[in-house]
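Residue-level structural notes
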Amino acid sequence: MIRVRNLVKTFGDVVAVNSISFEVPQGEIFAFLGPNGAGKTTTIKMLTTLLRPTSGDVEIDGLDPQHQQHEVRRRFGIVFQDPSLDADLTAEENMELHGILYHVPHRLRIERTEQLLKAFELWERRKEPVKRFSGGMKRRLEIARGLLHTPKILFLDEPTLGLDPQSRNQMWTHVKRLNETEGVTVFLTTHYMDEADRVAQRIAIIDHGRIVAQGSPGELKEQTKSDSLEQAFLALTGSSIRDESAGSLDQMRQFVKGWRR
Amino acid sequence: MGAIYILWLRELRRYVRSRAQILASLGQPLLYLIALGFGLGPVFQSSGNGSYLQFLAPGVIGMGVLFTSIFSGMGLLWDRQFGFLKETMVAPVPRLSIVVGKTLGGVTIALMQGTLIVVVCLVVGFRPTHWTSVPTAFGYMALIALVFAGLGTAIGSKLQDFQAFQLIMNFLVLPIFFLSGALFPLDHLPKFMGVITDVDPLAYGIDGLRGSLIGRTHFGLLTDMAVLCTVAVVFLSVGSYFFSQIEV
């Protein structure tokens, strides 16, 4: 379970996340949507112990990520926006490394590696270095790896970015199945509204650091009188392009970071 | 313990698998030994310094250990660029065990590389004066590796991209090598050169290697060991501290 109350993160004068609150019950698939620079990744970083909130409360499975860092880390798996595999190691070795870092007992690790690599259709290629894998295979391996230590929560930060429709489709099928069989909570961000519509039970839309709407895909469509989630999203966040403001926000972050060193 | 072991093993696996790279990395020492060893040999000999190949070999071994260990530490830069760093940053293990495992891995592969270069030296014609002191030479190789794995980690933790890499190479790594006395004796140097070589940690490493392999030292073996140990502690502490401060 994830519980967030009045969460705030500022970088200098820039308010990246502005007092957001939400709850994700155990076993739910929750989509966190928003335009570029809306505060999605900053929020995920605060939930996953990588960034300290300026103020507000975060609870991951009843624990505080700031003070019980390692305990919290054992309870979630994460697939980052960009790859985080060691491409020179084989699929199996990447799993081994993860299992040992997460203190998974040896026997269990072997069993679960086999089970997950089979589930994600990677078992036949387990002895191959990851650098020979396609984009879709790498993503699948990252998710399999994230689930190795049987986390209660899986964070997926734009997991389908750059994948073809076939791989995307296959990936969500796997994620949905794991959500059902293992009861793992899924917290995902994506830019593909059709994906969120298809897999998520509930959605929160964040813009300019604030949550502008929350509810089931149906409720959001109803609320905005839209036919599709995409239209609902545009109705809620406006249709102007955010790249520029996102860029300056990023620059600001870099600038602040630079001064803190 | 598990984290230390698996990150050590990772360094080893990556090293052993890069066969082409290992072979390539032996080319440079071989070139130094042949071009300089035999090319400058006669001049060196006629000035009353004995065999240049004998003198040069410990320097070339030190060079191999320096490059392997410092680049292993700076491998963090690659881990950051290719994303693997994040995997270790969110793992439920202390950062210190990650950096210890990585450093021990770097030291191990530097020793393996050093051993290969010792073999190359023997093939070219180098002979240690006392075979019994070869284990001592490995001790000095390990100390050199610790010092520069620590320095590499410190640099790798601070650098954000590859652009600074060339800068580090030309203004740090190469000067450390060329001003260490790997290629020339440290006696009778001009004053400013003497000052520079005195603060170059590699100078003590090469001196230790030379002392144990051919019985010729400038600072004395004990001084070499004391300096290397001290610098290793400092660099490894700074490296671990910088590593603990990394944000992803």
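First, a word on scope: everything that follows refers to the structure included in this document. Computed from a predicted structure; not experimentally measured. (Residues numbered from 1 in each chain as written. Chains lettered and ligands numbered in written order. Predicted model: local features only at pLDDT ≥ 70, side-chain atom pairs only at ≥ 80, totals over all residues.)

Here we take up the nonpolar core. Of all hydrophobic cores here, the largest spans 137 residues; its most connected members are Phe155 of chain A together with Val60, Ile144, Ala145 and Val147 of chain B. In terms of residue count, the dominant contributor to this core is helix 4 (residues 52–81) of chain B (16 residues). (Core = buried A, V, L, I, M, F, W, Y, C linked by C-beta atoms within 7 Å. Buried ≥ 20, exposed ≤ 12 C-beta atoms within 10 Å, placed from the backbone. Helix = DSSP H or I, 4+ residues; strand = E, 2+ residues; numbered from the N terminus.)

So, about helix 6 (residues 95–124) of chain B. In this model helix 6 of chain B runs 43 Å from its N-terminal to its C-terminal C-alpha over 30 residues, within 8% of the 44 Å that 1.5 Å per residue would give. Gly125 of chain B sits one or two residues past helix 6 of chain B and shows a positive phi near 130 degrees. (Expected span 1.5 Å × (residues − 1).)

Our focus in this paragraph is unusual backbone geometry. Residues and elements named next belong to chain A. In this model, Ser19 sits at a positive phi of 50 degrees, which is unusual for a non-glycine residue. Inspection of the secondary structure puts Ser19 in strand 2 (residues 14–24). Owing to 14 C-beta atoms within 10 Å, Ser19 belongs among the partly exposed residues under this scheme. Phi at His208 takes a positive value of approximately 50 degrees, unusual for a residue other than glycine. Its place among the elements puts His208 in the loop between strand 8 (202–207) and strand 9 (210–215).

A word on the interface of chain B and chain A. If you look at the interface, chain B gives 18 residues, while chain A gives 22 residues. Elements with a minimum of two residues in the side of chain B that touches chain A: helix 1 (2–17) and helix 5 (84–89) of chain B. The element that contributes the greatest number of residues to the side of chain B that touches chain A is helix 1 of chain B, accounting for seven residues. Here the residues of the side of chain B that touches chain A are counted per class, giving 10 nonpolar, two polar and six charged. (Contact = placed C-beta atoms within 7 Å. Nonpolar A, V, L, I, M, F, W, Y, C, P; charged D, E, K, R; others polar.)

A regular strand places its side chains so that they alternate between the two faces of the sheet. Residue and element names in this part refer to chain A. As judged from the seven bridges shared by strand 1 (residues 2–11) and strand 2, these two strands associate in the antiparallel manner. By the bridge assignment, Arg3 is partnered in strand 2 with Glu23. Counting the residues that bridge the hairpin from strand 1 to strand 2 gives two residues, and of these Gly12 lies at a positive phi of roughly 60 degrees. (Pairing = 2+ DSSP bridges.)

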